[in-house]
Each structure stands twice: as C-alpha cells, then as structure tokens.
There are 2 protein chains.
Amino acid sequence: MVTLAEVAQHAGVSASTVSYVLSGKRSISATTRQRVEQSIRELGYHPNAGARALASSRSNIIALMVPLRTDMYVPVMMEIAIAVATTARTHGYDVLLLTGEEGPDAVRRVTGSGLADAMILMDVELDDERLPLLREAAQPSVLIGLPADTTGLTCVDLDFRATGALCVEHLAGLGHRDVAVIGEAPAVYERHTGFAERTLDGLRSRARETDVRLLHRPCEGGYDAMAVTLARVFDERPGTTGFVVQNESAVEPLLALLRQQGRAVPEDVSVVAICPDQVAVQASVRLTSVSIPAQEMGRRAVEHLVAKLDGRGADEVVLLAPELTVRASSGPAAS
Amino acid sequence: MVTLAEVAQHAGVSASTVSYVLSGKRSISATTRQRVEQSIRELGYHPNAGARALASSRSNIIALMVPLRTDMYVPVMMEIAIAVATTARTHGYDVLLLTGEEGPDAVRRVTGSGLADAMILMDVELDDERLPLLREAAQPSVLIGLPADTTGLTCVDLDFRATGALCVEHLAGLGHRDVAVIGEAPAVYERHTGFAERTLDGLRSRARETDVRLLHRPCEGGYDAMAVTLARVFDERPGTTGFVVQNESAVEPLLALLRQQGRAVPEDVSVVAICPDQVAVQASVRLTSVSIPAQEMGRRAVEHLVAKLDGRGADEVVLLAPELTVRASSGPAAS
DNA sequence: TTTGGTTGTCGAAGCGCTTCGACAGCCTAT
DNA sequence: ATAGGCTGTCGAAGCGCTTCGACAACCAAA
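Cut-offs used in this document
- Residues numbered from 1 in each chain as written.
- Chains lettered and ligands numbered in written order.
- Predicted model: local features only at pLDDT ≥ 70, side-chain atom pairs only at ≥ 80, totals over all residues.
- Heavy atoms only, no water.
- Core = buried A, V, L, I, M, F, W, Y, C linked by side-chain atoms within 4.5 Å.
- Buried < 20%, exposed > 50% of the residue type's maximum accessible area, 1.4 Å probe, protein only.
- Contact = heavy atoms within 4.5 Å.
- Disulfide = S-S within 2.5 Å.
- Helix = DSSP H or I, 4+ residues; strand = E, 2+ residues; numbered from the N terminus.
- Buried area = accessible area lost by both parts, 1.4 Å probe.
- Salt bridge = Lys/Arg side-chain N within 4 Å of Asp/Glu carboxyl O.
- Polar contact = N/O pair within 3.5 Å; in protein donor to acceptor, adjacent residues only side chain to side chain.
- Nonpolar A, V, L, I, M, F, W, Y, C, P; charged D, E, K, R; others polar.
- Pairing = 2+ DSSP bridges.
- Near = heavy atom within 4 Å.
- Phe/Tyr/Trp six-rings, centres within 6.5 Å; stacked < 30°, edge-to-face > 60°.
- Lys NZ or Arg CZ within 6 Å of the ring centre and 35° of its normal.

Caption draft 1: Examining the nonpolar core more closely. Judged by nonpolar contacts, the single largest core of 109 residues is most densely connected at Ile 120 of chain A together with Ile 120 of chain B. Each residue touching Ile 120 of chain A, except ones within four places of it in the same chain, is listed here: Ile 62, Ala 63, Leu 64, Met 65, Val 84, Val 142, Ile 144, Ala 301, Val 302 and Leu 305 of chain A. Formed by 39 residues, the second largest nonpolar core is a distinct cluster that contains Cys 155 of chain A together with Leu 115, Leu 146 and Cys 155 of chain B.

Okay, here's the thing in structure tokens:
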C-alpha cells in the first residue's frame, strides 16, 4: 500500500505539496507537478479513502436508497440507479446502495457516520417517515418522487399530473368518450405513493374538462389479474374505447386479452401507456406512450446534489414535462 | 457531530474503553458497559466511518459491480443487487454500487484506495479483463457468473449447463423431437458471456443423448425480432413442437405469435423458459420454467465474501442446481 | 504471606490524509 | 535601495478512531 508520504519522498517534495498537486487547491509549479505526477504513476499510488474522508470530512460518496420491493417499475428503478451511478462518477462521487428496508434508521446511520456526503431517495411516499430527518440533516438530499409537503426539500420527478392530463387529452382528441384507467396494484395506492395519486388527479381533472368518462381500476400485474379487471371494465362500461395503462406489467396481458376478444388495436380500442420507451417499442403493438425519463431523473438528481455540495443551488422542486409519443396503439374512436 | 471522546467523557471512562464496548474485543464489566451504552444513546453517537476505516483499515463496505447495459436480465440483476445489499447489511456491511463502465479501472480504484473490503462482480465474461486484477488483489472477491479460467477465484452461478440439459430432458420426455432454442441477443454471444454458451452446451449434449434435433437462434427481445425468428424456425423445421426460451423479453412475443398462428400451447407446441419465477407466473400462459435463483445467488455471494473476510472459507466454484417447475406451457407432443 | 494468573481499564501511538500559517525567493513599484 | 505583493513550498497540527502494552486490583493456589 503506497502512501502519500512515500510519493513525496520519491518525488523529493513534502507531503503537503503532493496533496496540493492532487487537489489543485494551491498553485504548484509545472516542474514540481510533473515530478509528483510521475512518482504517482511509477509507484501506482491511490489515495486512501478512509484517511481522506477523515481529514477532509468528505467521503465523496452519495447514498442512494432504493425501494426494497420489486413489485413495480423494476426497469425504471434500475435505469435510475445506473444513471445515478454513472453521473456521480463523472463528478468524482461513488454511490452507496441502501435498500428501503432499514427505513429512517438508514438515514440516521448515514448522516450520523459521515458515510455519505449526500443522499438520494427513491420511492418516496406522500408522508414519508424519513423526511423530517432529511430536513434536519447536515447533508443535502434529493428525492426522486414528490411527497405531500416539500418545504425544505428538493425533489425531481416526472410531472405525473400533467402526464395524466396528457393521456386523457390525447384520447379525447381522438374522439374517445369512455376511457378506462388500468392503475398500479392496490397496494401502491394504499401506501400513498405520490405519483399514482397525482396521475389519477391529472387524468380526472382533464377528463372533466374534456367531457370524458373515466373508470379507474387498480390492477396487479400479470395476465390473470388483468383478465379479471378487463372483464369488470367492459361489464361496467361496455362502450369503453380508450385505455390508459400505468402498470407496466399489465400492458402485455391487456394487449393479449384484447386480441383474444377480437378487439383490434387501434381500430376498436386505443391504448396509451405510461412506461419507459423501451417497453413501449418492445410490446406486441408499438405503444403510444408517455415515457418515464428514468435516466434524466437520475442524472438531474445527482447534478442537483453536486451543486448543493459545491455550495451552489437551493431547494427546488423540478417536475419534468411529460412527452407523449404517438405510436401504433392509438387512433380515432370508432363512431 | 458527537465523537468517541465526548461519549467517554460523558460516561466517565477513557476513549479506549468506549471503543472496546463498541467492538467487544476486550471484556468490559457489566456496569461500565451499561454506563457507556447509556451515554451513547443519550448523546446520539454514531462512529465516524472514515476514522474507523483509517484506524482499522476496514471500511465495512462491499463493492458490487453491475453491468452498465440494460439489454438483458434487468429484473435478475435488480434482484441480485437487492439481495446483496440486504444480506450485506445483516453482516454489518454496506454496498457500493459500481457500474461496469469503468471496467478494470474500477477494480484498481477500489482495491487501491481501500474504499471497499471486498468485491462482487456480475456479468462476468469468459475472458474478463478484470480477472487478473482480482487474482492479485489483497481484497477477496466473488464472481456471479463463471469465466473460462476459475483458478484462484470464487464463483457463484446457476449451473446453466445442467439447466440446458434439464430443459431438453423435459421436452424429450414429453416426446418432442424437434426443439427450437430462442437464445439471447446475438451481442450476448459475441461478447462471450459464459452463461449463454454453457446453456447451449447443456442443451446440445443432452439433445444428442436423447435424440432431439435442436435449432438454436439468437434473438433480440421484442415482438418484431421474435416474429422474424419464429418465421425462420418454422421455415427450416416445420415439425418443431418444442421451444426453449432464454431471452426473457422474447417470451411474451413468442406466446402472442403462436396464438396468432393458431398453434395452441401446450397442445400443439410446448414452451420451456429460463427466467425468474415471477416472470413465469405472470406470463399469458403460466410457463414451465427453470427459475433463475437471483436472490439465492446474491445471498451466497455475500456470505462467501464475509466468510473470507473473517478468515474462513477458501476459493470455490458454487454451481446452484437448476430446478424445473412444470406449469401450463408444456405437455406431451402431438403425435 | 508470596506468587502468579485473571480481569478491566487506561494512555499513547499512529492510521494517511488535508489544511493552515509561515516563509523564502522573486518581481515590481516606489 | 527598500517596501510590498506574489508564488511555490514546507512543517506541523489535527481529523476520530483502533489497538497495543502497561498496570492496578482482585482472586486463587502454594
């Protein structure tokens, strides 16, 4: 294990000089810098992370809390996590992976131990237990998601209200009057996950404005659950011609069932999904969809955090504008 | 920020005593221990991670390298990652998330800086550039996956060879004579990912033994790619009655296409998938499948690592035995 | 009573780094 | 020539913890 002192000796300078070469916090003559850099390379020196953290009280680590459950949005979570990790690296940070399992304790542990300089939280509930801790914490944090009370917090999320509105608007514009919403699993609503409720909000308010009748049904993923839900939908509203699907794992089952019932997409029934683009283009019908900008969210979260760590940037709620891409699953309502 | 010294003062003991209470490395009288623990609680003390790492040269962090690409097995990767994180926590370790992006440099950075005490690598290629570094590293490591040369390494993986054999065996036992294998995307084979080749190996050798004719076709995920592939299969082997699918994102498209062509599953055609159980039961036909024990793999990897860190346990290759669950997608060959 | 072994506690050294103040050397303006 | 301001470098003090050796205090055996 090569140390700073050894590099200094090898280069014939003092330890502090080597440190300043590394950090760039004081000016160093070109010749000295080169000599030091040469020694670093020759000896294969890597600064010790612990020592650095201790001396500078900066760990250069960002903690990322991911939800423990894998009952929803797995690809989205993964994409966000990877975007966070790669973006963090470009700013010289590493990422610590925490699962939601520990809950508030994890926040205490991280803020108390100086393990991480900052935190990113995913899957935030409307009234999350962790929020008070974050407000008091010395370390900055960013939420991916939107809780009920955002004072003193910074959040990044898709504007799900606008997303809901956009979906209805699209279908209304095509002449659909009866629209069914296939929502997330009931459990998601029960734990008051913000995005699900906000989407519903957007759907409903725009439906009112455009004179669309809305039927909202939560739905577990999978074929069987979707079959039951779909039967109920057509039972209650036989004239349904439009679908908005928020549950990723209900999309393909829905398409299969519609096909099976002889309802053509998009001739008889239009489907709009809220899902990552990748899912939309891989489906058996290329789906008209509002994409979930997972990478963008991860990237933005890290950049906000880095700004805060550098003393720039203040608390702020960033809602990304939804974009609807028309593909092959939606068309004019049959009339 | 409360320090050890402050706790010591508050409890009326020396710093080292507090340290020994925390670590349990020396015996402490019950009364002293209680007094110290009381002070820790009252002051809300959390040991500083950096200081600890520096003094003990142990960071209590395990690095996890996940593949950057999300072109395959996303749910599996996610499940492994979460299993690693939760298992690590039960042993007092945190997990650092690294993406494959940096490649060998990431290994150097981690081993050089003492950032982590150990590493877990996913998505290992047959002849991975990172392997030589791992063999030399002071820190122990575990691979999830199986490279060509495993000397000096410890690996955990599903026995994909046996998995392939098991799939063929099941279909052969049902009387199928012409079996098509829908493989991973061509890129996966090109980069010599071990599991894909080993599966193929197992499929082929058992096919030879059971007198089954095999047709292997790599396939990008998605509906369109599957349609092209399927057309080719029936073109070349019209008598095909069995399918083994390794590419998760080809499963649902395959089922949809078969249905569309009027081929009933499992009456006309049997399908066996290699995928997580969750995917198998959520499909439009409940799939006969060999499950990928993602959680188990993550757990085993961590436990091996912890054993090594404790001075127990040696290098070893652990191949988990595959298990085939018969569901509704396979049945006797029509004859 | 002395000796020897435990048990529980303490003090001090040091892990490898950052950072502050000091200062030598030089250049420019007086 | 002198004062003042830069630049580039160094020494030393710590960051908060672990850990080693030392050593009182006690008990049991001789």
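Caption draft 2: Layout of the state of the cysteines. Residue and element names in this part refer to chain A. Considering all chains together, one arrives at 0 disulfides over all chains under this definition. Sulfur of Cys 167: no disulfide; nearest cysteine sulfur belongs to Cys 275 and is 9.9 Å away. Residue classification places Cys 167 among the buried positions, given a relative accessible area of 0%.

Caption draft 3: Structural view of helix α12 (residues 248-260) of chain B. Residues and elements named next belong to chain B. Within α12, 10 of the 13 residues are buried, which leaves the element mostly enclosed by the surrounding structure. Buried within α12 are the following residues: Glu 248, Ala 250, Val 251, Glu 252, Pro 253, Leu 254, Leu 255, Ala 256, Leu 257 and Leu 258. One or two residues past the end of α12 sits Gly 262, with phi positive at roughly 75°.

Caption draft 4: Looking closely at the interface of chain B and chain A. Contacts between the two partners involve 48 residues from chain B, matched on the other side by 48 residues from chain A. Counting the surface chain B buries against chain A, the share from its top three residues, Met 78, Leu 97 and Gln 282 of chain B, is 14%. In this structure, Asp 94 of chain A engages Arg 109 of chain B in a salt bridge whose closest nitrogen and oxygen atoms are separated by 2.7 Å. At the junction of chain B with chain A, the criterion picks out 10 residue pairs in polar contact (both at pLDDT 80 or more). Counting only elements with at least two residues in the side of chain B that touches chain A, the list comes to α4 (49-56), α5 (74-90), β2 (94-99), α6 (104-113), α12 and α13 (277-282) of chain B. The greatest single-element share of the side of chain B that touches chain A, amounting to 9 residues, is contributed by α5 of chain B. In terms of residue class, the side of chain B that touches chain A is built from 24 nonpolar, 16 polar and 8 charged. Pairing of strand β2 (residues 94-99) of chain A with β2 of chain B involves 3 bridges; the strand directions are antiparallel. Across the sheet, residue Val 95 of chain A finds its bridge partner in β2 of chain B, namely Leu 97 of chain B.

Caption draft 5: Structural context of the protein's contact with DNA strand C. The immediate surroundings of DNA strand C are formed by 26 residues, with Leu 4, Arg 26 and Tyr 45 of chain A together with Thr 17 and Thr 32 of chain B found nearest. Counting only the atoms of DNA strand C that lie within 4 Å of the protein, the sugar and phosphate share comes to 56%. In the environment of DNA strand C, a base oxygen lies 2.8 Å from a nitrogen or oxygen atom belonging to the side chain of Arg 26 of chain B. Between a base oxygen of DNA strand C and a main-chain N or O atom of Ala 55 of chain B, the distance comes to 3.5 Å. Breaking the surface near DNA strand C down by element, the ones donating at least two residues are α2 (15-23) and α4 (49-56) of chain A together with α2 (15-23) and α4 of chain B. Of the residues forming the surface near DNA strand C, the biggest block, 4 residues, is contributed by α4 of chain A. Here the surface near DNA strand C is built from residues that sort into 11 nonpolar, 11 polar and 4 charged.

Caption draft 6: How the structure looks around the packing of aromatic side chains. Residue and element names in this part refer to chain A. One pass over the full model with this rule turns up 4 aromatic pairs over all chains. Arranged with centres 5.1 Å apart and planes meeting at 50°, the rings of Phe 160 and Phe 195 form a pair that is tilted. A residue pair is termed long-range when its members are at least 10 positions apart, and Phe 160 in helix α8 (residues 160-173) and Phe 195 in helix α10 (residues 194-210) qualify at 35 residues. The ring of Phe 234 is capped by Arg 263, whose NZ or CZ atom sits 3.5 Å from the centre of that ring.

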